[in-house]
Amino acid sequence: MVDEVRIQGLGVIDEAVLDLSPGFNVVTGETGAGKTMVVTSLGLLFGGRADPQRVRPGADRATVEGRIVVDPGGRVVERVEESGGELDEGALIVTRSVSAEGRSRAFLGGRSVPVNVLINLADELVAVHGQSDQQRLLQAARQRGALDRYAGAALTKPMRAYTKAYQRHRQVTALLDELTTRARERSQEADVLRFGLEEIEKVDPKDGEDTALAAEEERLGHADALRGAADTAHEALLGDPAAAFEAANVTSLLGTARNALDAVRDHDPDLAALADRLAEAGYLVSDVGTDLASYAESVDADPARLAAVQERRAELTALTRKYGGADGTVAAVLEWARTAASRLTELEGDDDRIEELRAEHAELAERLAAEAGELTAVRTRAAERFSDAVTEELTALAMPHARVSVTVTATGEYGPHGVDEVEVRLAPHPGSKPLPLHKGASGGELSRVMLAIEVVFAGADPVPTFVFDEVDAGVGGKAAVEIGRRLARLARNAQVIVVTHLPQVAAFADRHLLVEKSDDGTVTSSGVTALDREGRVRELSRMLAGLEDSELGRAHAEELLEMASAER
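Note that the coordinates shown come from a computational prediction; the quantities given were computed from them, not determined experimentally.

Asks: Talk me through the packing of aromatic side chains; I want residue IDs and the actual numbers.
Replies: On inspection of all chains with the given rule, the structure shows four aromatic pairs. A centroid spacing of 5.8 Å and a plane angle of 15 degrees characterise the contact between Tyr162 and Tyr166, whose relative ring orientation is stacked. A residue pair is termed a helical-turn pair when its members lie 3 or 4 positions apart in one helix, as Tyr162 and Tyr166 do in helix α5 (residues 153-181) at four residues. You can call Tyr166 buried: its relative accessible area is 12%. Centroid distance Tyr323 to Trp336: 4.5 Å. Interplanar angle 35 degrees. Geometry classified as tilted. Linking Tyr323 in helix α11 (residues 303-323) with Trp336 in helix α12 (residues 330-348), this pair joins segments that are 13 residues apart in sequence.

Structure representation (structure tokens):
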């Protein structure tokens, strides 16, 4: 419930505090005192439109801060935590400000949030019924939601079953549409994949083959040069055994140097170490010379093999250009082949998949029709009870001849909530044709219809707080007393805040707030005062007789208060 509301710079209100009670709160005051600003402030608090024209002249901004007591284990707390906000000693602090330039800011639990967050919370915290907010009930979706809320637990199980079938039906329908409408494209895709796989299978590339063949082609293409270089190096290191005379070579020169050092190595350890290093160099040169001889013998200029390698490389290059992607390697081609084979298997299985989905789709259609029919039946039964209950309430709200009827029409078009269109109709007079609310009810009648609906809902699943602005418009006398009774009844299960000009309604309140206007000659401002018993008598007397101290008015006010107190 709303525990407290602080208002600054809003309309004629300079600064005011609304200290609200859990039950029936009423707000009264003279015309132009700013009563409507109370409803406006609550509307802003729960995401209403930010109108810079509502900012008090001379003020930089209008600010509304509300302290709301919430269920610590409820969904509201979860949403606050999701937004990064926190509770303040079990209460939620909501702040909304509007600058004179039209900029709006919202805070939830101490954290700045988008205004949409407040709008989403509003459905769980408050129902504001002002002259403009009544338009919500005129929306078809709102009327269906109202009936579903009234149906309660009877609708829960069939709605759950319908929702499950509806969601799966949509999934299967989407899959079928994709498979059937894209059949030609998928067939073309399969042909392309199949052709590519056949090309790759025909060439049969091996991982790393392209790299190995490139190296082999390089070697075969330069075989003569490679063999000549190896022979020359071999002769330089070991000499040519076929030569008529022995020419100087690295091995013989190393041997000469080594022999010279070995002759005197015993005289100096440092020189002996150098002699050992020359010995190691001799062994290394000898090994390299032997390997060069073997290499020279292995290098063979084979034109046939070179041609075969070049032809194979050309085949692989053709594949890598088509299927190698940015890498342009055989490894990339093989990866493409694996992916293509998997996709082709999927595409070739589409026909079987389509048949399975068609069978499931037909089964779901039957199930969906059955579940939707059950929803329609539950709603139809609830609509009859709902119509009778609201009509009965209207009889006591100065509309004794009005008749409310709720029609449930199955459209045959499946939606998230079934196939039903729900419309609340009103026949305000005997013999008049029931018409939709926006055609059959005046502003005052619509307010009373909404009050009757909320009273019927009371005890079923009410929101914590109801706000009514001028719900008693166009009503007086005995009907006004009945409106007060209904609001008091609604307040047994929820917090009710009402702006009224009728003393018969105000008398039933648990807390009476007076909006008082002051004028210093230049600027008009308003404040809000919680009235005690004597203050209530004076205010009710003013509302009854136009004079706070009228003896007749005070007597009537006392009588109203006693009557209301006895009934509460």
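Asks: Give a detailed account of the sheet that holds strand β9 (residues 403-415), specifying residues and quantitative values.
Replies: In sheet architecture, strand pairing relies on hydrogen bonds along the backbone and comes in two forms, parallel and antiparallel. The strand order across the open sheet formed by three strands is β9-β10-β11, and the pairing between neighbours is antiparallel. The open sheet has two edge strands, β9 and β11 (435-436), and neither has a second partner. The sheet contact formed by strand β10 (residues 418-427) and β11 spans two bridges and is antiparallel. In the sheet register, Leu426 faces β11, and the bridge partner there is Leu435. Sitting on the sheet, helix α4 (residues 140-151) is in contact with β9 and β10, with an inclination near 95 degrees to β10. Across the sheet, helix α13 (residues 350-396) lies against β9 and β10, angled at about 165 degrees from β9, the strand it touches most.

Asks: Before we move on, can you summarise the packing of helix α6 (residues 183-203) against α12 with the specific residues and values?
Replies: Running from N to C, α6 and α12 point in directions that differ by 140 degrees, and their axes come no closer than 9 Å. As the angle between them shows, α6 and α12 are arranged oblique. In this structure, α6 meets α12 at a crossing whose hand is left-handed. In this structure, α6 contributes Arg186, Glu189, Ala190, Leu193, Arg194, Gly196, Leu197 and Ile200 to the contact, and α12 contributes Val333, Trp336, Ala337, Ala340, Ala341, Arg343, Leu344, Glu346, Leu347 and Glu348. Along the lines of polarity and charge, the residues of the contact of α6 with α12 split into 11 nonpolar, one polar and six charged.

Asks: Outline α12, supporting the account with residue identities and numerical values.
Replies: The first and last C-alpha atoms of α12 sit 26 Å apart over 19 residues, in line with the 27 Å expected at 1.5 Å per residue. Turning to α12, its buried residues are Val330, Ala332, Val333, Leu334, Ala337, Ala340, Leu344 and Leu347. For α12, the elements touching its buried residues are α6, α7 (209-221), α11 and α13.

Asks: Outline the nonpolar core, listing residues and values.
Replies: Phe24, Leu394 and Leu487 are the most contacted members of the largest nonpolar core, which totals 65 residues. Top element by residues in this core is α13. It accounts for nine residues. Discounting residues that sit within four places of it in the chain, Phe24 has contacts with Gly484, Leu487, Ala488, Ala491, Val496, Val498, Val505, Phe508, Ala509, Asp510 and Arg511.

Asks: I'd like a rundown of the environment of Thr63, residues and numbers included.
Replies: Considering the arrangement of structural elements, one finds Thr63 in strand β4 (residues 61-69). Separated by 55 residues in the primary sequence, Thr63 and Gln8 place their C-alpha atoms 5.2 Å from one another. Residues contacting Thr63, with those up to four places away along its chain left out, are Arg6, Ile7, Gln8, Thr95, Arg96 and Ser97.

Asks: Break down the side chain of Glu393 for me, citing the residues and quoting the values.
Replies: Looking at the secondary structure, you find Glu393 in helix α13. In this structure Glu393 touches Ala452, Val455, Val456, Arg486 and Arg489, once residues within four positions along its chain are discounted.

Asks: Could you give an account of α6, naming the residues involved and the relevant values?
Replies: Over its 21 residues, α6 runs 31 Å from end to end, which matches the ideal 30 Å to within 8%, given 1.5 Å per residue. Considered for burial, the residues of α6 that qualify are Arg186, Ala190, Leu193, Gly196, Leu197, Ile200 and Val203. Down the axis of α6, the buried set is contained in an arc of 160 degrees. They therefore lie on one face. Along α6, exposed side chains directed more than 90 degrees from the buried face belong to Arg184, Val192 and Lys202. Taken from the residues just after α6, Asp204 is the one with a positive phi, measuring 55 degrees.

Calculation criteria
Residues numbered from 1 in each chain as written. Predicted model: local features only at pLDDT ≥ 70, side-chain atom pairs only at ≥ 80, totals over all residues. Heavy atoms only, no water. Phe/Tyr/Trp six-rings, centres within 6.5 Å; stacked < 30°, edge-to-face > 60°. Helix = DSSP H or I, 4+ residues; strand = E, 2+ residues; numbered from the N terminus. Buried < 20%, exposed > 50% of the residue type's maximum accessible area, 1.4 Å probe, protein only. Pairing = 2+ DSSP bridges. Contact = heavy atoms within 4.5 Å. Axes fitted to C-alpha atoms, helices over the stretch in contact; angles between N-to-C directions. Parallel < 35°, antiparallel > 145°, perpendicular 65-115°, else oblique. Left-handed = near helix turned anticlockwise from the far one by under 90°. Nonpolar A, V, L, I, M, F, W, Y, C, P; charged D, E, K, R; others polar. Expected span 1.5 Å × (residues − 1). Core = buried A, V, L, I, M, F, W, Y, C linked by side-chain atoms within 4.5 Å. Arc of directions from axis to C-beta.

These figures come from the coordinates and say nothing about function on their own.
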